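# Coordinates in review
Letter by letter, the chains look like this.
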Amino acid sequence: MRANKMDHPNQGIKCVVNTCYYYSSGDHCLADKIEVQPQNAADTQETDCATFAPKG
Ligand code: SF4
């Protein structure tokens, strides 16, 4: 999923992935939306953010 990078945190998301293009200090995400995968995940560890993009 493509997301727009906002100039303010998405208040509904806490994220610690500081290598992501959308990451902002304070464990914020600047993406206007995210996608989480995969289907049929069995536990928390199996899930991840498909909107992640490496820092340019
Ligand atoms: S896009 Fe996903 S991985 Fe990147 S900062 Fe937002 S929630 Fe974290």
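Here the structure is a predicted model, which means the values were calculated and not measured.

Reading guide: rules and limits
Residues numbered from 1 in each chain as written. Predicted model: local features only at pLDDT ≥ 70, side-chain atom pairs only at ≥ 80, totals over all residues. Helix = DSSP H or I, 4+ residues; strand = E, 2+ residues; numbered from the N terminus. Rg over C-alpha atoms; globule rule 2.2 N^0.38 Å. Contact = placed C-beta atoms within 7 Å.

### Description of the overall build of the chain
What the chain contains, in helices and strands, is 0 helices and 4 strands. Mapped from its N terminus to its C terminus, the chain presents α and β elements in the order β-β-β-β. Relative to a compact globule of 56 residues, whose C-alpha radius of gyration would be 10 Å, the chain shows 11 Å and is just as compact. Dimensions of the chain, computed from C-alpha atoms along their principal axes, come out at roughly 35 × 20 × 20 Å. Long-range pairs, those at least 24 residues apart, make up 42% of the contacts in the chain between residues at least 6 apart in sequence.

### Some points on the environment of Tyr 22
Tracing the backbone through its elements, the reader meets Tyr 22 in the segment before β1 (23-24). Remark: the alpha-carbon pair of Tyr 22 and Met 1, spanning 21 residues in sequence, is separated by 13 Å. Excluding its chain neighbours within four sequence positions, the residues that come into contact with Tyr 22 are Ala 3, Lys 5, Cys 29, Leu 30, Ala 31 and Thr 51.

### A word on the environment of Phe 52
Mapped onto the secondary structure, Phe 52 falls in the segment after β4 (48-49). Sequence separation between Phe 52 and Lys 14 is 38 residues; the distance between their C-alpha atoms is 13 Å. Ignoring sequence-local partners within four residues, the contact set of Phe 52 consists of Val 17 and Cys 20.

### Thoughts on the environment of Ala 41
Position of Ala 41 relative to the elements: it lies in the loop between β3 (36-37) and β4. Separated by 38 residues in the primary sequence, Ala 41 and Ala 3 have C-alpha atoms spaced 23 Å apart. Every residue in contact with Ala 41, bar those within four places of it in the chain, is listed here: Glu 46 and Thr 47.

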